[in-house]
Amino acid sequence: MKNQKTIRRLLAAALALACCFGMTSCSAESLLRLFWQEPTPSVGQTASLGGTPTHEPVQTGDPDCDHQFGDWKVVVEPTCEDEGSAVRFCALCGAADQGVYRALGHAPVPMEDVPSTCTQGGSVGGVRCSRCKEYLTPPTLLLPKGHANYVNGLCSACGTPKNSAEGLAFLDLYNGTYGYTYLASTSNGSAKQAFYQRLDEAVRVFHTDPSSVVENSMSFAALNYAELGLSLDEALAVWTTFRNDNPLYYWLSNQISYNEQILNVMTLSQYANGTARMERNASVYNGIAAYLSVVPAEATPYQTALTLHNAIVGTVDYAYSSSGVPESADWAHSCVGVFEGRGAVCEGFAEAYQILMNICGVDCLIVTGIGNGEAHAWNLLEIEDVWYGVDLTWDDNNQSTAPYRYFCVSASVMAEDHTPDLPTGVGMDFLYALPAVSEYGLEWVTVYKNGEKQGVYSNPDKAFASMTDPQAEYTLQLGTDDPLLHSASAYYVRGELPVVKSLTVVGAHTLLSGGGFTATTLYLTENVTLKGNLILKSLFLDGVTYVNLYTNGHALTAKADTRYYSAVMERVTVVQ
């Protein structure tokens, strides 16, 4: 089992897989660049200021003093590209003399060549600065050689056994462990985890072995759950949990056969032949590498999640059959539809996103349940120890009007139309207990005070808390122009408005084809009292429940370009 938060874990095995399953050099290079561990320069060099800084005229003190300055004191260390600063003081009058250190310039050092092994990528050439570690000339990256020429079941180059735990560890990169860990907290937990591990071992071998072929029943593993003291319902719950943890195994059938002792794990018929699985594996890994290639190397977990959300919903459409109903083909219900660019239904969106987040070290769960009255699947995502709801399927379906309606949203937003399965569910209806989702979603807003930008905050209530000057005129821009942040489609006021002279809340219009438009929505989740003049511009005003908006002697102004839902006046009552 893996530690999901170690981003660069299991690099070598993952890259060896790329070779073994025929990834193109471009796609394999994409993976390599994300997870390659750079070698250190062959020669070390310590930064040294050296010499005397250039200095400007005396800034303070007695102009008639015969200054007796002490030694220079470094204030800011110079770097390779930026100047540093220093100061010294007169012992007689205390005058300060300011000095400047020139930028050090890069210290180029050739990189040592690193040969590839069966599982470890290498490099050739390259020049790197020994001070700041910046690559002045990037090295040429080499793919691992991959295991080959098995003799008596062992790799002739490194001795790794075929289908060994070590040889199959790369699969941890793509899959999760949340469900496995949760099973330990349930009744008969150790036996459930033991069954999970047996299932995991069988699946890993079948996934990677081109010689594994099944006939007729499509069952590739017969696992005895009864000997572990498990009931059938417990075994089925483990099987369901395993599927949720391990979205990479697109070929797993959602049907199984069983008797009072044995659970027969089955593959979809089109993947019963090992050759077919290997061809599909190569396609899936190429698709994964293509998505990973758009993630900046130093991206934060939030930036990673946003980049991949945008990449998927911007590339893949919801899959419909020729008759206009959701596609029933297996590829649409797994990661295959996304990674091959064919389209997907909710399962495919959620599983592909989960795989990519797992690889990038961001904890991500798949959630099954009911969405708007129908069977549905979505994700929960952990960013800096806070869990949020994410539904790529619905963001894809509303891409033109509300592309971030379900990206990093709160528990209350998800609860409006998402009902997850429960740990009390029996057998295949079981779902692990979900982590607590944040009360606040990520609803980035920009605050201006008297026309000057004050800062960017993750939700309106945090922004209100920053508005501490009762005589100031504040503007709350719903959204941000920062390209590394997203502007939500809806914003929620859960606390109190600030005590200010005036508060202008500004949304954004989106023009639609056919002459219509939509606008940012501001939800009032409880009764709100104005504590300053309130000006609403370019937004819809709505309420989750019936609320009263008390003007309390202050002016409430709706600008000409503000529009309201037809039901607003029924849901929000303005009280003088």
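Residues numbered from 1 in each chain as written. Predicted model: local features only at pLDDT ≥ 70, side-chain atom pairs only at ≥ 80, totals over all residues. Heavy atoms only, no water.

Q: Break down the overall build of the protein chain for me, citing the residues and quoting the values.
A: Secondary structure assignment for the protein chain yields 13 helices and 32 strands. Buried residues in the protein chain amount to 51% of all 576 residues. Pairs at least 24 apart in sequence give 62% of the contacts found in the protein chain among residues at least 6 apart. Counting every atom, the protein chain has about 26,000 Å² of accessible surface; 50% of that belongs to carbon and sulfur. (Helix = DSSP H or I, 4+ residues; strand = E, 2+ residues; numbered from the N terminus. Buried < 20%, exposed > 50% of the residue type's maximum accessible area, 1.4 Å probe, protein only. Contact = heavy atoms within 4.5 Å. Areas by Shrake-Rupley, 256 points an atom, 1.4 Å probe, with all protein chains shown as cover.)

Q: So what's going on with the sheet that holds strand E22 (residues 473-478)? Which residues, and what values?
A: The strand order E21-E20-E22-E24-E28-E31 describes an open sheet built from 6 strands, whose pairing is mixed. Every other strand in the sheet has two partners, leaving strand E21 (452-457) and strand E31 (556-558) as the edge strands with one partner each. Taken over all neighbouring pairs, the strand axes of this sheet differ in orientation by 20 degrees on average, direction set aside. Bridging between strand E20 (residues 445-449) and E22 involves 5 bridges; their strand directions are antiparallel. Paired with Tyr-448 across the strands is Thr-475, a residue of E22. (Pairing = 2+ DSSP bridges. Axes fitted to C-alpha atoms, helices over the stretch in contact; angles between N-to-C directions.)

Q: Outline the side chain of His-309, supporting the account with residue identities and numerical values.
A: With respect to the helices and strands, the residue His-309 is situated in helix H7 (residues 301-315). Residues within four places of His-309 in sequence aside, it is in contact with Tyr-353, Leu-392, Asp-395, Pro-403, Tyr-404 and Phe-407.

Q: Tell me about helix H9 (residues 346-359), and name the residues and values.
A: Taking 1.5 Å of rise per residue, 14 residues should cover 20 Å, and H9 covers 20 Å from first to last C-alpha, within 8% of that figure. With 13 of its 14 residues buried, H9 lies for the most part within the structure. (Expected span 1.5 Å × (residues − 1).)

Q: Go over the packing of aromatic side chains with me, naming the residues and quoting the values.
A: Under the definition given, this model contains 19 aromatic pairs. Centroid distance Tyr-249 to Trp-251: 6.0 Å. Interplanar angle 50 degrees. Geometry classified as tilted. Of the residues examined, Trp-251 reaches a relative accessible area of 0% and is grouped as buried. A cation over an aromatic ring shows up here: Arg-277 above the ring of Phe-206, its NZ or CZ 3.6 Å from the ring centre. (Phe/Tyr/Trp six-rings, centres within 6.5 Å; stacked < 30°, edge-to-face > 60°. Lys NZ or Arg CZ within 6 Å of the ring centre and 35° of its normal.)

Q: With reference to specific residues and values, describe the confidence of the model for the protein chain.
A: Confidence in the prediction of the protein chain, expressed as mean pLDDT, is 83, and 84% of residues score 70 or more. Low pLDDT (under 50) marks residues 1-50, which in the prediction has 131 contacts with non-local residues, meaning those over four places away or in another chain. (pLDDT = per-residue confidence, 0-100.)

Q: I'd love a proper account of the pattern of salt bridges, names of residues and values included.
A: This structure, assessed with the given rule, holds 11 salt bridges. Salt-bridge contacts for Glu-340 lead to Arg-280; the nearest nitrogen and oxygen are separated by 2.5 Å. With Glu-340 in the loop between helix H8 (336-339) and H9 and Arg-280 in helix H6 (residues 274-292), this residue pair connects regions lying 60 residues apart in the sequence. The class for Glu-340 is partly exposed, based on a relative accessible area of 24%. Judged by its relative accessible area of 22%, Arg-280 falls in the partly exposed class. A single salt-bridge network, built from bridges that share partners, covers Asp-172, Asp-200 and Arg-204. (Salt bridge = Lys/Arg side-chain N within 4 Å of Asp/Glu carboxyl O.)

Q: I'd like a rundown of the environment of Val-336, residues and numbers included.
A: Secondary-structure assignment places Val-336 in helix H8. In sequence terms Val-336 and Ser-283 are 53 residues apart; their C-alpha atoms lie 8.3 Å from each other. Filtering out sequence-adjacent residues up to four positions away, Val-336 remains in contact with Tyr-250, Arg-280, Val-284, Trp-331 and Arg-342.

Q: Explain helix H5 (residues 232-245) residue by residue, including any values.
A: End to end, H5 covers 20 Å across 14 residues, agreeing with the expected 20 Å (1.5 Å per residue, within 8%). In terms of burial, H5 is largely enclosed, as 11 of its 14 residues are buried. On the buried face of H5, the contacting elements are helix H3 (178-183), helix H4 (189-208), strand E14 (262-266), H9 and strand E15 (364-371).

Q: Describe the sheet that holds strand E13 (residues 257-258), with residues and values.
A: Here 3 strands make up an open sheet; going across it, the order is E12-E14-E13 and the pairing antiparallel. Where the open sheet ends on each side, the last strands, each with one partner, are strand E12 (219-224) and E13. By the bridge criterion, 5 bridges tie E12 to E14 in an arrangement that is antiparallel. Within E14, the position partnered with Ser-219 by the bridge is Met-266. Sheet contacts for H4: E12 and E14; angle to E12, the most-contacted strand, approximately 160 degrees. Strands in contact with H5 are E13 and E14; relative to E14, the strand with the most contacts, it is inclined by about 25 degrees.

Q: Which residues make up the nonpolar core, and what are the values?
A: Phe-220, Ile-288, Phe-339, Tyr-353 and Leu-381 are the most contacted members of the largest nonpolar core, which has 106 residues in total. Excluding residues within four positions of it along the chain, Phe-220 makes contact with Ala-202, Val-203, Phe-206, Val-214, Trp-251, Leu-252, Val-265, Met-266 and Thr-267. Of all hydrophobic cores here, the second largest spans 27 residues; its members include Ala-463, Tyr-474, Leu-522 and Leu-536. (Core = buried A, V, L, I, M, F, W, Y, C linked by side-chain atoms within 4.5 Å.)

Q: Run through the side chain of Asp-396, naming residues and quoting values.
A: If you trace the backbone, Asp-396 turns up in helix H10 (residues 392-397). Buried charge without a salt bridge: Asp-396, with Arg-342 as the nearest opposite-charge side chain at an N-O distance of 15 Å. Among the polar contacts listed, one links the side chain of Asp-396 to the backbone nitrogen of Tyr-318, at a separation of 3.1 Å. (Lys, Arg positive; Asp, Glu negative; His and termini not counted. Polar contact = N/O pair within 3.5 Å; in protein donor to acceptor, adjacent residues only side chain to side chain.)

Q: Describe the packing of H6 against H9, listing the residues and the values that go with them.
A: Where H6 meets H9, the closest approach of the two axes is 11 Å, and the angle between their N-to-C directions is 65 degrees. Between H6 and H9 lies a crossing whose hand is right-handed. Taking contact as the criterion, the partners of Ile-288, Tyr-291 and Leu-292 in H6 are, on H9, Ile-355, Leu-356 and Ile-359. Among the residues making up the contact of H6 with H9, the classes are represented as 6 nonpolar, no polar and no charged. (Left-handed = near helix turned anticlockwise from the far one by under 90°. Nonpolar A, V, L, I, M, F, W, Y, C, P; charged D, E, K, R; others polar.)

Q: How would you explain the packing of H4 against H5 if you had to name every residue and give the values?
A: Look at H4 against H5: their axes get within 10 Å of each other, and the N-to-C directions meet at 55 degrees. By the angle between their directions, the pair H4 and H5 is classed as oblique. Read as a crossing pair, H4 and H5 show a hand that is right-handed. The residues of H5 that touch H4, namely those facing Lys-192, Phe-195, Tyr-196, Leu-199, Asp-200 and Val-203, are Glu-234, Ala-235, Val-238, Trp-239, Thr-241, Phe-242 and Asp-245. By residue class, the composition of the contact of H4 with H5 is 8 nonpolar, 1 polar and 4 charged. (Parallel < 35°, antiparallel > 145°, perpendicular 65-115°, else oblique.)

Q: Tell me what's going on with the pairing of strand E24 (residues 502-506), and back it up with residues and numbers.
A: Across the 5 residues that make up E24, a large majority, 5, are buried. Of the two faces of E24, both are covered, the one formed by Ser-502, Thr-504 and Val-506 as well as the one formed by Leu-503 and Val-505. The pairing of E22 with E24 spans 5 bridges and is classified as parallel. Of the residues in E24, the one forming a bridge with Glu-473 is Ser-502. Strand direction decides the pairing type here: E24 and strand E28 (residues 533-537), joined by 5 bridges, are parallel. Bridge pairing in E28 places Leu-503 opposite Leu-534.

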